[in-house]
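This is what each chain is made of:
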Amino acid sequence: MNTLVISYLTLRKAIGYLGLLLVPALLLAHGYQPSVSAFYHTPGRDLFVVTMGVMGAFLLCYKGYDSRDTRTSRLAGLGAILVAFFPVPSVAHSIGAAAFFGATGYMVGKLFVLGEREPTPEKLRRNRVYLGASYVQSMAALVMALGSALSVLAPEIRWVPIVWPELAASIA
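Residues numbered from 1 in each chain as written. Predicted model: local features only at pLDDT ≥ 70, side-chain atom pairs only at ≥ 80, totals over all residues. Heavy atoms only, no water.

Participant: Would you explain helix 2 (residues 45-61) in this entry?
Facilitator: Count 3.6 residues to each turn of an α-helix, and residues three or four apart come out pointing the same way. The terminal C-alpha atoms of helix 2 lie 24 Å apart, and with 17 residues this matches the ideal 24 Å at 1.5 Å per residue to within 8%. Within the span of helix 2, buried status applies to Phe48, Val49, Thr51, Met52, Gly53, Met55, Gly56 and Leu59. (Helix = DSSP H or I, 4+ residues; strand = E, 2+ residues; numbered from the N terminus. Expected span 1.5 Å × (residues − 1). Buried < 20%, exposed > 50% of the residue type's maximum accessible area, 1.4 Å probe, protein only.)

Participant: How do you make sense of the packing of aromatic side chains when you look at a structure like this?
Facilitator: The geometry of an aromatic ring pair is captured by two quantities: the separation of the ring centres and the angle between the planes. What the rule picks out here adds up to 2 aromatic pairs. Geometrically, the ring pair formed by phenylalanine 100 and phenylalanine 101 is edge-to-face, given 5.6 Å between the ring centres and 65° between the ring planes. The class of phenylalanine 100 is buried, set by a relative accessible area of 12%. Taking NZ or CZ as reference, arginine 45 lies 5.9 Å from the ring centre of tyrosine 40, over its face. (Phe/Tyr/Trp six-rings, centres within 6.5 Å; stacked < 30°, edge-to-face > 60°. Lys NZ or Arg CZ within 6 Å of the ring centre and 35° of its normal.)

Participant: Which parts of the structure should I look at to understand the side chain of serine 35?
Facilitator: Position of serine 35 among the secondary structure elements: in the loop between helix 1 (3-30) and helix 2. Judged by relative accessible area, which is 3%, serine 35 ranks as buried. Within the structure, serine 35 has its side chain in polar contact with the backbone nitrogen of alanine 38 (distance 3.1 Å). (Polar contact = N/O pair within 3.5 Å; in protein donor to acceptor, adjacent residues only side chain to side chain.)

Participant: So what exactly am I meant to see when it comes to the nonpolar core here?
Facilitator: The nonpolar side chains of soluble globular proteins are, as a tendency, buried together. In terms of nonpolar packing, the biggest core is built from 26 residues, with Leu26, Leu27, Val36, Phe48, Met52, Leu59 and Phe100 touching the most fellow members. Elements with a minimum of two residues in this core: helix 1, helix 2, helix 3 (67-85), helix 4 (91-111) and helix 6 (163-171). Among the elements that take part in this core, helix 1 stands out by supplying 6 residues, more than any other. Every residue in contact with methionine 52, bar those within four places of it in the chain, is listed here: Leu22, Ala80, Val83, Ala84 and Phe100. (Core = buried A, V, L, I, M, F, W, Y, C linked by side-chain atoms within 4.5 Å. Contact = heavy atoms within 4.5 Å.)

Participant: What exactly am I supposed to notice about the side chain of serine 73 here?
Facilitator: Residue position: serine 73 is located in helix 3. In terms of polar contacts, serine 73 uses its side chain to reach the backbone carbonyl oxygen of leucine 59, at 3.3 Å. Polar side-chain contacts of serine 73 include one of 3.0 Å to the backbone oxygen of threonine 70. Beyond its immediate sequence surroundings of up to four residues, serine 73 is in contact with Leu59, Leu60, Tyr62 and Met107.

Participant: Just to check I follow, could you spell out a nonpolar patch on the surface for this structure?
Facilitator: Residues Tyr135, Val136, Met139, Leu142 and Leu146 make up a contiguous nonpolar surface patch of roughly 480 Å² in combined accessible area. In this structure, leucine 146 sits in helix 5 (residues 121-153). (Patch = residues over 30% accessible without salt bridge, like charges linked within 9 Å, V, L, I, M, F, W, Y side chains within 5 Å. Areas by Shrake-Rupley, 256 points an atom, 1.4 Å probe, with all protein chains shown as cover. Salt bridge = Lys/Arg side-chain N within 4 Å of Asp/Glu carboxyl O.)

Participant: What should I look at first to understand the packing of helix 2 against helix 4 in this one?
Facilitator: Relative placement of two packed helices is described by the angle separating their axes and the distance separating the axes. Between helix 2 and helix 4, the least distance of the axes is 13 Å, while the angle of their chain directions is 50°. Judged by the inter-axis angle, helix 2 sits oblique to helix 4. As for the relative orientation of helix 2 and helix 4, their crossing is left-handed in sense. Where helix 2 approaches helix 4, its residues Phe48, Met52, Met55 and Leu59 are matched on the opposing element by His93, Phe100 and Met107. Among the residues forming the contact of helix 2 with helix 4, the class breakdown is 6 nonpolar, 1 polar and no charged. (Axes fitted to C-alpha atoms, helices over the stretch in contact; angles between N-to-C directions. Parallel < 35°, antiparallel > 145°, perpendicular 65-115°, else oblique. Left-handed = near helix turned anticlockwise from the far one by under 90°. Nonpolar A, V, L, I, M, F, W, Y, C, P; charged D, E, K, R; others polar.)

Participant: For this particular structure, what's the right way to read the pattern of salt bridges?
Facilitator: Side chains that carry opposite charge are capable of pairing whenever their charged atoms lie near each other. Summed over the entire model, instances satisfying the criterion amount to 1 salt bridge. Across the pair glutamate 122 and arginine 126 runs a salt bridge whose closest N-O atoms are separated by 2.9 Å. You can see glutamate 122 and its partner arginine 126 sitting in helix 5, 4 residues apart, about one turn around the helix. Among the residues examined, glutamate 122 registers a relative accessible area of 48% and is labelled partly exposed. According to the relative accessible area criterion, arginine 126 is partly exposed, its value standing at 33%.

Participant: Please explain the environment of alanine 99 as it appears in this structure.
Facilitator: Tracing the backbone through its elements, the reader meets alanine 99 in helix 4. The class of alanine 99 is buried, set by a relative accessible area of 16%. With 88 residues separating them in the primary sequence, alanine 99 and leucine 11 have C-alpha atoms 20 Å apart.

Right, dumping it as structure tokens:
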């Protein structure tokens, strides 16, 4: 088997595992915070920054099947790095979060389902999982956006807890 294919698939899996494990690891190790980004201001900062930075670097290095796939992963990677290095609240952090969640949602919902003209039953099952995950990510992003808007429109609410939709999006 070609070693490039192995490293490519390993990279894809590593990005997925990091995304899947980050939120539960932070919650278990450092307790509840109203958002994942709020861990920047706790002892969990190192885990948060390193994991987001590594995911960003992996996504920037990821060469997809075509230029659209590559551009989308680079946008997600840049977003992850902005999230890692600019603490909340900041404009750069918000732009990075939107880029990261938007690009990864697009990858899962649109790019991962592409494939053969006559997909196998296994590919059709995977596509249903991808579309379900994309739906969960989209709904979570909507809840996060509404929560962020509420915190701006109602400043007396200092933090709208968005950690739960972030957890749902990361697991999806």
